[in-house]
Amino acid sequence: MTPEGLALLRRAAAELSLDLSAQEGQFARLLELLQAGNQRLNLTALKTEEDIILKHFIDSLTTLRGGHLNGEWRTLDLGTGAGFPALPLALAQPKLSLVPLDSIRKKIDFVRETAQALGLSQVTPLVGRAETLGQSEEHRGQYDRVVARAVAALPVLAELALPLLRVGGLFGAQKGPISDEELNAGRRAAGEVGGRVVEVDEFNLPISGDARTLIVLEKQRPTPAKYPRREGVPTHQPLFWKAK
């Protein structure tokens, strides 16, 4: 990480009221590993130092807004891709037990290798789909927290995430600007699968000013057994939402 990149990381973290001074070396190493891995595996469209720091590292850490991840929570990262938000969260909140989930093996292999290189023993990457995990005894109702970053429409995310949560658990959906139509459909979908929207946090990403929304859902009661539906159905036939 260049001196300019380090200054950018510090400034953006300060805007989120985060002190990453103890983790700066690990974030620099993560940047190096991501750029090297991207050349081999085409993991992410973001390639410049500035974009990676702001739109991967800092954007991932906005999940910490509201304090919902402050604790020793078992947390699943739904659709982690190249490890976001899981890897930055593991660096910033080492008490979290993180399970980055993705259906693409090459990405999970990268996340696993990167977590090992960074000494993140609390990160346990997993290849799979939320529809399958949500119907398995090993994962259904077993997580304290679920997070997802720009994965799908809110009604889809509600159906995929809430079955994985224990009652009382929270799901944080990271999105850009969200329409009233999508939010209302997400509220209805959450109610259908056992939860409710408890927070809609609209803000701007540090430095870049890009619009973001962090939507928090709470699991209030057990999810009906028919949810989540089989693989692909939640995406192609979202609850209370016309798929785009």
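Residues numbered from 1 in each chain as written. Predicted model: local features only at pLDDT ≥ 70, side-chain atom pairs only at ≥ 80, totals over all residues. Heavy atoms only, no water.

Once that is clear, we can look at the sheet that holds strand 7 (residues 211-219). Overall, mixed pairing links the seven strands, which are arranged 3-2-1-4-5-7-6 in an open sheet. Lying at the two open borders of the sheet, with one neighbouring strand each, are strand 3 (126-127) and strand 6 (195-204). With two bridges connecting them, strand 2 (residues 97-102) and strand 3 associate as parallel partners. Bridging across to strand 3, Leu101 finds its partner in Leu126. Sitting on the sheet, helix 3 (residues 49-61) is in contact with strand 4 (143-149), strand 5 (165-175) and strand 7, with an inclination near 145 degrees to strand 4. Sheet contacts for helix 8 (residues 180-192): strand 5, strand 6 and strand 7; angle to strand 6, the most-contacted strand, approximately 150 degrees. (Pairing = 2+ DSSP bridges. Helix = DSSP H or I, 4+ residues; strand = E, 2+ residues; numbered from the N terminus. Contact = heavy atoms within 4.5 Å. Axes fitted to C-alpha atoms, helices over the stretch in contact; angles between N-to-C directions.)

The tally for this structure, following the rule as stated, stands at two aromatic pairs. Both rings, one in Phe27 and one in Phe57, keep their centres 5.4 Å apart while their planes meet at 55 degrees; by these two values the pair is tilted. Residue Phe27 is found in helix 2 (residues 24-41), and its partner Phe57 is found in helix 3; the two are separated by 30 residues along the sequence. Here Phe27 matches Phe57 in class, with each residue buried. When the ring of Phe57 is compared with that of Phe84, the centres are 6.2 Å apart and the planes differ by 35 degrees; the resulting orientation is tilted. Here Phe57, found in helix 3, pairs with Phe84, found in the loop between strand 1 (74-78) and helix 4 (86-92); they are 27 residues apart in sequence, far enough to count as distant. With respect to burial, Phe57 and Phe84 carry one shared label: buried. The ring of Phe203 carries the charged tip of Arg65 above its face, separated from the ring centre by 4.0 Å. Across the ring face of Tyr143, the terminal group of Arg74 is positioned such that the distance to the ring centre comes to 4.3 Å. (Phe/Tyr/Trp six-rings, centres within 6.5 Å; stacked < 30°, edge-to-face > 60°. Buried < 20%, exposed > 50% of the residue type's maximum accessible area, 1.4 Å probe, protein only. Lys NZ or Arg CZ within 6 Å of the ring centre and 35° of its normal.)

This part takes up helix 5 (residues 105-117). If you check helix 5, its first and last C-alpha atoms are 18 Å apart, about what 13 residues at 1.5 Å a residue would give, namely 18 Å. Listed as buried for helix 5 are Lys107, Ile108, Phe110, Val111, Thr114 and Ala115. One face of helix 5 carries all of its buried residues, which in axial projection span an arc of 155 degrees. Exposed and oriented more than 90 degrees from the buried face of helix 5 are Arg105 and Gln116. Once helix 5 finishes, Gly119 follows within two positions and takes phi at roughly 70 degrees, a positive value. (Expected span 1.5 Å × (residues − 1). Arc of directions from axis to C-beta.)

It is worth spelling out the pairing of strand 1 at this point. Burial within strand 1 is extensive, with four of its five residues counted as buried. As paired elements, strand 1 and strand 2 share five bridges and run parallel to each other. Bridged to Leu78 within strand 2 is Leu101. With helix 4 bridging strand 1 and its parallel neighbour strand 2, the resulting β-α-β unit is right-handed. Pairing of strand 1 with strand 4, which is carried by four bridges, proceeds in the parallel orientation. (Right-handed = clockwise from strand over helix to strand, strands pointing away.)

Another point: the side chain of Thr114. With respect to the secondary-structure elements, Thr114 resides in helix 5. Those residues in contact with Thr114, other than ones at most four positions away along the chain, are Leu30, Leu33 and Leu87.

In this section: helix 7 (residues 154-161). Burial of helix 7 is extensive: eight of the eight residues sit out of reach of the surface. Buried residues of helix 7: Leu154, Pro155, Val156, Leu157, Ala158, Glu159, Leu160 and Ala161, and no others.

So, about the environment of Gln116. Mapped onto the elements of the fold, Gln116 is located in helix 5. Among the residues examined, Gln116 registers a relative accessible area of 60% and is labelled exposed. Separated by 112 residues in the primary sequence, Gln116 and Glu4 have C-alpha atoms spaced 27 Å apart.

Here we come to the nonpolar core. Phe57, Ile58, Leu61, Leu89 and Leu120 are the most contacted members of the largest nonpolar core, which totals 36 residues. For this core, the secondary structure elements donating two or more residues are helix 1 (3-15), helix 2, helix 3, helix 4 and helix 5. With six residues, the top contributor of residues to this core is helix 3. If near-sequence neighbours (up to four positions away) are discounted, Ile58 is found in contact with Leu9, Ala12, Ala13, Leu16, Ile53, Leu205 and Pro206. (Core = buried A, V, L, I, M, F, W, Y, C linked by side-chain atoms within 4.5 Å.)

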